[in-house]
Amino acid sequence: MKQELGKRNYPIWLIINPKYPAVRHDIWRPVLDEIQDRVFREFQTRIETSDIYIRSAVNDGGIVPNTLNWWGREVAKEIEFYREIVQEHKPKMIISFGAFPYEFTRRAFEVKPEKGPKAWSSSIIQDEFEKAIENFDINQINRIPLLRRVIATDKFIENRNFLSRTDRETYFQHVGAKIAEKIIENKENMDIWIK
């Protein structure tokens, strides 16, 4: 994958770990489907998705930190560059996928204390998502973390109701609905619509 796709001046940015480029399809696509469904029902239009700015946090998956406190010089350079383009373009929302992109974004915003990627469990990232939605402010850059992967917790397939939503589907529906709600509330302040 290229390090960046889309337009930097677009209000919605995605930041991913270069080791897991499939999140664009495995996580973002079903979340976006939920967002688009809710937006269409409300306004009979859709979000122009081809311009969404998608960035790999670093240009080389080999420099992604894998210990609690070690972040190399190369990663620091990438954070500094990312901080510069964020300040220049001021997107309305930065959606990150998983621990490393979320902490990378926190460091670009100089949020303390700095944490290693292993400090972010799925439940903590989910809590951070809820806080981000609760504190959403269209007049600032909103950092919205999503999980990098969603695993069904139902181990007993024979007891499962195949007509009900899976944990994955419920997660996508939940976060998609919450993000859509903020987009709908701020429709006039986001130039993201198909013309």
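For clarity, every value in this text was computed on a predicted model and none was experimentally measured.

**Concerning the layout of surface pockets**
By volume, the second largest pocket is sized at about 230 Å³. In terms of lining, the second largest pocket is formed by Tyr102, Arg106, Val111, Trp120, Glu128, Lys131, Ala132, Asn135, Gln140, Ile141, Asn142 and Arg143. Those elements that place two or more of their residues in the lining of the second largest pocket are helix 3 (99–108), helix 4 (122–134) and strand 5 (142–146). Counting residues per element, the lining of the second largest pocket draws most heavily on helix 4, at three residues. Classifying every residue of the lining of the second largest pocket gives five nonpolar, three polar and four charged.

**Here we look at the sheet that holds strand 5**
Across the sheet, five strands lie side by side as 1-3-2-4-5; this open sheet has mixed pairing. One side of each edge strand has no neighbouring strand; the edge strands of this open sheet are strand 1 (4–5) and strand 5. In the packing of helix 3 onto the sheet, the strands contacted are strand 2 (12–16), strand 4 (93–97) and strand 5, and the crossing angle to strand 4 comes to about 140°.

**Some words on the pattern of salt bridges**
As enumerated under the stated definition, the model contains 14 salt bridges in all. A salt bridge links Arg38 to Glu34; the shortest N-O distance between them is 2.7 Å. Of this pair, Arg38 and Glu34 are both found in helix 1 (residues 23–43), four residues apart, which corresponds to roughly one turn of the helix. For Arg38, a relative accessible area of 32% translates into the label partly exposed. A salt bridge links Arg41 to Asp37; its shortest N-O distance comes to 2.9 Å. You can see Arg41 and its partner Asp37 sitting in helix 1, four residues apart, about one turn around the helix. Here Arg41 falls in the exposed class, since its relative accessible area comes to 62%.

**As for unusual backbone geometry**
For the bond from Lys112 to Pro113, the omega torsion is -5°, close enough to zero to count as cis. Its place among the elements puts Pro113 in the loop between helix 3 and helix 4. Even without being a glycine, Gln44 presents a positive backbone phi close to 55°. The residue Gln44 is located in the loop between helix 1 and strand 3 (53–56) in this model.

**Some points on the packing of helix 2 (residues 73–89) against helix 3**
Orientation of helix 2 relative to helix 3, taken along the N-to-C sense of each, is 65°, at an axis distance of 9 Å. Classified by chirality, the crossing of helix 3 by helix 2 is right-handed. Packed against helix 2, whose contacting residues are Val75, Glu78, Ile79, Tyr82 and Arg83, the element helix 3 presents Phe100, Phe104, Thr105, Arg107 and Ala108 at the interface. Per-class residue counts for the contact of helix 2 with helix 3 are six nonpolar, one polar and three charged.

**Comments concerning helix 2**
In an α-helix, one turn spans 3.6 residues; hence positions three or four apart end up facing the same way. Its 17 residues place the ends of helix 2 25 Å apart at the C-alpha level, agreeing with the 24 Å of an ideal helix rising 1.5 Å per residue. Three or more residues of helix 2 are buried, namely Val75, Glu78, Ile79, Tyr82, Arg83, Ile85 and Val86. At its buried positions, helix 2 is contacted by strand 2, strand 3, strand 4 and helix 3. Lys90 lies just past helix 2 and shows a positive phi near 45°.

**Some points on the nonpolar core**
Of all hydrophobic cores here, the largest spans 39 residues; its most connected members are Ile95, Ile179 and Ile183. Mapped by element, the contributors of at least two residues to this core are strand 2, helix 1, strand 4, helix 3, helix 4, strand 5 and helix 5 (167–185). No other element matches the seven residues that helix 1 contributes to this core. For Ile179, the residues in contact, after removing those within four places along its chain, are Val31, Ile35, Met93, Ile95, Phe129, Ile133, Ile144 and Leu146. Grouped together as the second largest cluster of nonpolar side chains are 18 residues, Ile15, Ala57, Tyr82 and Phe100 included.

**Brief notes about helix 1**
Between its first and last C-alpha, helix 1 extends 28 Å over 21 residues, near the 30 Å set by a 1.5 Å rise per residue. What helix 1 keeps buried is the set Val23, Ile27, Trp28, Val31, Leu32, Glu34, Ile35, Gln36 and Val39.

Here is what the cut-offs are and how they apply
Residues numbered from 1 in each chain as written. Predicted model: local features only at pLDDT ≥ 70, side-chain atom pairs only at ≥ 80, totals over all residues. Heavy atoms only, no water. 1 Å grid on protein atoms, 1.4 Å probe; cavity = no way out; pocket = protein on both sides within 12 Å on 5 of 7 lines; lining within 4 Å. Points joined across faces, edges and corners; volume = space filled by probe spheres on them. Helix = DSSP H or I, 4+ residues; strand = E, 2+ residues; numbered from the N terminus. Nonpolar A, V, L, I, M, F, W, Y, C, P; charged D, E, K, R; others polar. Pairing = 2+ DSSP bridges. Contact = heavy atoms within 4.5 Å. Axes fitted to C-alpha atoms, helices over the stretch in contact; angles between N-to-C directions. Salt bridge = Lys/Arg side-chain N within 4 Å of Asp/Glu carboxyl O. Buried < 20%, exposed > 50% of the residue type's maximum accessible area, 1.4 Å probe, protein only. Left-handed = near helix turned anticlockwise from the far one by under 90°. Expected span 1.5 Å × (residues − 1). Core = buried A, V, L, I, M, F, W, Y, C linked by side-chain atoms within 4.5 Å.

No statement about biological role is implied by the geometric values presented.
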